[in-house]
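# Descriptive analysis of the structure
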Amino acid sequence: MKNWIAISAALLLVACGQQAATTSAPAETGGSRSGDFGPPQGEPVKAVLTSPPLVPPPTGRTAPAKVIVELEVQEVEREIAEGVKYTFWTFGGTVPGSFIRVRQGDTVEFHLKNHPGSKMPHNIDLHGVTGPGGGAASSFTAPGHATQFTFKALNQGIYVYHCATAPVGMHVANGMYGLILVEPPEGLAPVDHEFYVMQGDFYTVGKYREKGVQAFDMQKAIDENPTYVLFNGAETALTGPNSLKAKTGQRIRLFVGNGGPNLVSSFHVIGEIFDKVQPEGGTHPQENVQTTLIPAGGAAIVEFHTEVPGNYIMVDHSIFRAFNKGALAIMEVSGDARADIYSGKQADESYLSDKVGDLAPVAAAAEAKAAGKLTKEQQIAAGGALFKGTCSVCHQDSGQGIPDVFPPLAKSDYLLKDPKHAIDVALNGLTGKVTVNGKTYNSVMPPMSQLNDDEIANILTYVLNSWGNDGGAISKEDVQKVRANTKRAEGAAH
Amino acid sequence: MRHAAQVVCLVVAAACAHTAWAAQPAAPRAAIPGGTFATILPPAEKLKEATVRAFQMDRRTVSNADFARFVADRPEWRRDRVAPIFADAGYLRHWPNATTPGENLAAQPATQVSWFAAKAYCEARGARLPTWYEWEFVAAASATVPDARDDPQWRQAILEWYARPASATLPDSGSTAPNFYGVRDVHGVVWEWVLDLGSMMVSADNREQGDPDEKRFCGSGALTMEQKDNYAMLMRIATLSSMQANYTSGTMGFRCVTGPEPRP
Amino acid sequence: MKRILGILLALIGTASLGAEPNALPPDSLYQLQAALTDQDGRAIRLDVHRGHPVLITLFYSSCPAACPLIIDTLRATEKELDPATRANLRVLMISIDPGRDTAEALHRLAETRRVDTSRWTLARADSADVRTLAALLNVQYRQLPGGEFNHSSVITLLSPQGVIQTSSTRLGTPDPALVAKLGP
């Protein structure tokens, strides 16, 4: 009876566990069909626009409003890198353009103004707009003119906007992109800092960091071969005094866009992990992500919590872009050290590989030789240390060689009949058929050009006195004589 | 009686001056041969080429000084008298007063003039604005060849002008090197009005190519532009198609041509 | 002497474009003194219907698609008005194809479509004026190699003094915005 109860209880628990697992799918927001909260209420609101890297404050609205956005296009010449000037076409005078923040369901009355000093007409396609061209057809604006159109923000999310005047690639490559955030109706969770970062690729006639005024290079853009890959339109936009600043123990949110025109970004913050990522700016977050892909013409929202002070470098992890084209930004985090989380360097000492073994006897032998007091025992010890890792690779540690491949040195008749001949073999190598202990070997022993006279002498002395060999000794002078008298083979040391 | 005679003399003198000025071109015009060429704006859906009959084109853009003589002759085109339907608030606003451009601006290409004003100027000289095809035909030339449009260096040189911000000081009209036809200032100075501005039926969203809306233009959608890699020309069309006839701009100037009557 | 002066001044006056003694508002289209010929061969000017609200549009008689629809749309729009307003309204249709739309062609069209010529005028202008008119009315058109035209269809309402009140690109059914501007 008790067993039955136990089994039933166990089955019940399993069943409950399974049920819990199947109801964990996240709820859908319903997209545009659920995004129309009706006509705007209250007085029209003028949208607060910010220049990067700042983000406007949360709207704090709880009902749909009429929001007036006024954005001016300016063509401006600025530094793209130190000493390098470029004519950018901008929304609001900056690259990326001003950050726009509205709430889902808002009715946005969009005014696009084109500064009279502009050479080109411009328009705008906002990826958060439902309607033809994303607004582009309705906002085509000649220099010195302004246009207006109105749209309802039906979908929540973070969206790219960009100019769509022909040739579109050139307008985008000149910096005409930015982000518009359509807050979910309940708003975003509060954090300590929100920042606006946008990657773009730039194409100049001159090389990377070639000074002077640089023009746009159409062929490089078509070939997708950028000269610069940058965050916020300049190499120094977010470095040095322009670095982003935060403190330890803070929650950081980055709205990261990618204006392109061509490249996809592998966005990574060195030394941090994204606690939360809304990949592609979508609604449902992923957690614990190291590097997130941001499509060209796309964006993502990443959040992380700072624990350890230091400089955190943001990169496009297609890493040559970071170090050779400028895709680098810095967040300085200040605060107290946390050795329990990250200690910094604790040790730095010398390290020699196992294979090489302890070379102390070699040093001792060298000293003794210099003092004229080298003994056979010292030679054997030094030779043994050198044998390991050099000769042992083929002839093996116990000198037995490999059958049919490498001849043995242990009790080798070939060696012992003429030990001095071994000097020649070591110095000059040996190719072709040899018979050792009744077996034939036909291989190549390369000349030991890396060994000097002392080393050869010591190794051979070790060999002669190991594994039951007859003994004897070879001196440095013996080796010198052979070296001087034999014709050097090609590739052998002199 | 003397008073009346003086008035008559004044009137006659004015009439003579008007005729003299109107008949005189800025300089002998360049003779442009006719031809058929691949165009960015196809005349019809399957046709990629346009034909241009021989015509004569001003060798340089119309300058502020030229335009001032027109305004003196036709005071209804003064900036303080012109009807807003013919020119917007920016008309000749860079001139120090309503009648003269001043010494600094005199030789520079006339800008801040609307299509209506440019058209009236050319008509007053017994000429007309060039059509887009006439302009495109001449603009395809480099200094040495009649059609340099596939030359990447030629294209890049033009793109470089687009990359520079519009500056207050334009090079003097006629000061740039002549192209193959002996015409100057075609690239790198100002955009130029064309007669058939109303025919540039390009969608305001320039990405719409192959417009499925057949009813938009009574029997066709917006024009699909050819040679999409010829960015230099694409940008010129984008600019012209963004302008309405009474708009003025600091980078839009013009010149006149004489030749066969263009099609409507 | 004063008469001579007056004549001379008048001569100078007529040499220029559109300087009329009785003042037109600065944004009146009638400042364009376009010379037209109506369906009865009479020489008229653009301001032929000055003093009445006018629905003005560009078309051409051999147009296969939209233009017949324009006439229907204009009729349907008029139907929405009360008799007094309708009686005061004028319609001016100007051809973009003066080459083929001679006065006779326009006359034939007026008959075929039973146009009420007491209030509707079908007219032709020379090419240069057509281009200017199209620019003022924001109409785009382009002649195809075969002779037909691609053109945008726009019906514009002018005030009795020739100022643009509103315009519509809607074809087939009357545009409520246009009807509202016309009044009861």
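Our subject is the structure that appears above.
Residues numbered from 1 in each chain as written. Chains lettered and ligands numbered in written order. Predicted model: local features only at pLDDT ≥ 70, side-chain atom pairs only at ≥ 80, totals over all residues. Heavy atoms only, no water.

### Re the overall build of chain C
Put simply, the test is: Helix numbering and strand numbering both begin at the N terminus, where a helix is a DSSP run of H or I of at least 4 residues and a strand a DSSP run of E of at least 2. Throughout, a residue-residue contact means that at least one pair of heavy atoms, one from each residue, lies within 4.5 Å.
Looking only at helices and strands, one finds six helices and nine strands in chain C. Of all intrachain contacts in chain C linking residues separated by at least 6 positions in sequence, the fraction that spans at least 24 positions is 67%.

### Points about the overall build of chain B
Operational definition: The buried label applies to any residue whose accessible area, calculated with a 1.4 Å probe on protein chains only, is under 20% of its type's maximum; exposed applies above 50%, and partly exposed to all values in between. Method for areas: the Shrake-Rupley scheme with a 1.4 Å probe, in which residue coverage is limited to the protein chains shown.
Helices and strands together make up the secondary structure of chain B, namely seven helices and seven strands. Secondary structure elements in chain B, listed N-terminal to C-terminal, are α-β-β-β-β-α-α-α-α-α-β-α-β-β. The buried share among the 264 residues of chain B stands at 55%. Sequence separation of at least 24 residues holds for 74% of the intrachain contacts in chain B that already meet a minimum separation of 6. Accessible surface, chain B as shown: approximately 10,700 Å² in total, 56% of it carbon and sulfur.

### Describing the packing of helix 2 (residues 64–73) of chain B against helix 4 (residues 115–124) of chain B
When two helices pack together, their arrangement is captured by the angle between the axes and the distance separating the axes. All names here are of chain B. Formally: For helices, the axis comes from a line fit to the C-alpha atoms of the stretch in contact; other axes are also lines fit to C-alpha atoms, and the angle between any two N-to-C directions lies between 0 and 180 degrees. Here roughly perpendicular refers to angles of 65 to 115 degrees, roughly parallel to angles under 35, roughly antiparallel to angles over 145, and oblique to all remaining angles. We call Asp, Glu, Lys and Arg charged. Ala, Val, Leu, Ile, Met, Phe, Trp, Tyr, Cys and Pro are nonpolar, and the rest, Gly among them, are polar.
At a minimum axis separation of 11 Å, helix 2 and helix 4 run at an interaxial angle of 80°. As far as their axial angle goes, helix 4 and helix 2 are roughly perpendicular. In contact with Asp66, Phe67 and Phe70 of helix 2, helix 4 contributes Ala117, Ala120, Tyr121 and Ala124. Here the residues of the contact of helix 2 with helix 4 sort into six nonpolar, no polar and one charged.

### Overview of the interface of chain B and chain A
Here is the rule: Buried surface area refers to the total accessible area, computed with a probe of radius 1.4 Å, that the two partners give up upon joining, counted for both partners together. A pairing counts as a salt bridge when a side-chain nitrogen of Lys or Arg comes within 4 Å of a carboxyl oxygen of Asp or Glu.
Taken together, the 26 residues of chain B in the interface contact 32 residues of chain A. For the pair chain B and chain A, the summed buried surface comes to about 2,500 Å²; carbon and sulfur atoms form 64% of the total. Viewed at the interface, chain A and chain B are joined by zero salt bridges. Those elements that provide at least two residues to the side of chain B that touches chain A are helix 6 (152–163) and helix 7 (231–242) of chain B. Its residues assigned to classes, the side of chain B that touches chain A shows 13 nonpolar, seven polar and six charged.

### A look at helix 10 (residues 453–464) of chain A
Residue and element names in this part refer to chain A. Threshold: In this scheme, a helix's expected span is set at 1.5 Å multiplied by one less than its residue total. N or O atoms within 3.5 Å of each other form a polar contact, as long as, within protein, one can give a hydrogen and the other can take it, and as long as residues adjacent in sequence are counted only when both atoms are side-chain atoms.
Compared with the 16 Å implied by 1.5 Å per residue over 12 residues, the 16 Å span of helix 10 between its first and last C-alpha is a close match. Within helix 10, 10 of the 12 residues are buried, which leaves it mostly tucked inside the rest of the structure. Among all positions of helix 10, only Asp453, Ile456, Ala457, Asn458, Ile459, Leu460, Thr461, Tyr462, Val463 and Leu464 are buried. On its buried face, helix 10 is in contact with helix 5 (360–371), helix 6 (376–387), helix 8 (413–417), helix 9 (419–428) and helix 11 (476–485). Two or three places before Asp454, at the start of helix 10, stands the capping residue Asn452, its side-chain oxygen 3.2 Å from that residue's backbone nitrogen.

### Remarks on the state of the cysteines
Residue and element names in this part refer to chain B. Inclusion rule: Count a disulfide wherever a pair of cysteine sulfur atoms falls within 2.5 Å.
Considering all chains together, one arrives at one disulfide over all chains under this definition. Here Cys122 engages in a disulfide with Cys256; their sulfurs sit 2.0 Å apart. Taking the torsion about the sulfur-sulfur bond, which here is approximately -85°, the covalent link between Cys122 and Cys256 counts as left-handed. With Cys122 in helix 4 and Cys256 in the loop between strand 6 (252–253) and strand 7 (257–258), the pair connects residues that are 134 residues apart, well separated along the chain.

### Digging into the pattern of salt bridges
Residue and element names in this part refer to chain A. Scanning the model with the defined rule gives 33 salt bridges over all chains in all. One salt bridge in this structure joins Glu235 and Arg209, with 2.9 Å as the shortest N-O distance. Placement of Glu235 in the loop between strand 12 (228–231) and strand 13 (244–247) and of Arg209 in the loop between strand 10 (193–202) and strand 11 (212–214) is noted, with a sequence separation of 26 residues between them. Of the residues examined, Glu235 reaches a relative accessible area of 11% and is grouped as buried. Three or more residues are tied together by salt bridges with common partners; here these are Arg101, Glu183, Glu194, Arg251, Arg253 and Glu303.

### A look at the pairing of strand 19 (residues 298–305) of chain A
Residue and element names in this part refer to chain A. Defined as follows: Here a strand pair is declared whenever DSSP counts at least two bridges between the two strands.
When you tally the buried positions in strand 19, you get seven out of eight residues, the bulk of the element. Taken together, the eight bridges between strand 14 (residues 251–260) and strand 19 define a ladder with antiparallel strand orientation. Along strand 19, the bridge assignment pairs Ile252 with Phe304. Sheet topology places strand 16 (residues 274–278) next to strand 19; three bridges connect them, and they run antiparallel. Residue pairing in the sheet places Lys276 in a bridge with Glu303 of strand 19.

### Observations regarding helix 9 of chain A
Residue and element names in this part refer to chain A. Those residues of helix 9 that sit buried are Ala422, Ile423, Val425, Ala426, Leu427 and Asn428. At its buried positions, helix 9 is contacted by helix 8, strand 22 (430–436), strand 23 (439–445), helix 10 and helix 11. The first or second residue beyond helix 9 is Gly429, which carries a positive phi of 80°.

### Details of the side chain of Glu192 of chain B
Residue and element names in this part refer to chain B. Along the chain, Glu192 turns up in strand 5 (residues 191–192). A polar contact is formed between the side chain of Glu192 and the side chain of Trp135, at a distance of 3.4 Å. With sequence-adjacent residues up to four places away left out, Glu192 is seen in contact with Thr61, Trp135, Asp185, Val186, Arg236, Leu240, Met252, Gly253, Phe254 and Arg255.

### Comments concerning the packing of aromatic side chains
We describe a pair of aromatic rings using the distance from one ring centre to the other and the angle between the two ring planes. Let me state the cut-off plainly: Each pair of aromatic rings taken from Phe, Tyr and Trp, with Trp reduced to its six-membered ring, is defined by centres within 6.5 Å and is described as stacked if the planes are under 30 degrees apart, edge-to-face if over 60, and tilted in the remaining cases. Throughout this description, the term charge over a ring refers to an Arg CZ or Lys NZ atom that lies within 6 Å of the ring centre and within 35 degrees of the ring normal.
Evaluated as defined, the whole model comprises 33 aromatic pairs over all chains. Relative to Phe267 of chain A, the ring of Phe231 of chain A has its centre 5.9 Å away and its plane inclined at 80°; by these criteria the two rings are edge-to-face. Linking Phe231 of chain A in strand 12 with Phe267 of chain A in strand 15 (residues 265–269), this pair joins segments that are 36 residues apart in sequence. Lying over the aromatic face of Trp120 of chain C, Arg75 of chain C brings its terminal NZ or CZ to 5.8 Å of the ring centre.

### Thoughts on the nonpolar core
What counts, and what does not: Residues enter a nonpolar core if they are buried and are Ala, Val, Leu, Ile, Met, Phe, Trp, Tyr or Cys, with the set joined through side-chain atoms within 4.5 Å.
Judged by nonpolar contacts, the single largest core of 177 residues is most densely connected at Phe110 and Leu126 of chain A, Phe67, Trp132, Trp193 and Phe254 of chain B together with Leu46 of chain C. Of the residues forming this core, the biggest block, eight residues, is contributed by helix 4 of chain B. Among all residues touching Leu46 of chain C, those that are not within four sequence positions of it are Leu29, Tyr30, Leu32, Ala34, Leu36, Ile56, Leu92, Ile94 and Leu133 of chain C. If you look at the next biggest cluster of nonpolar residues, it comprises 27 residues, including Phe195, Leu254, Leu263 and Val277 of chain A.

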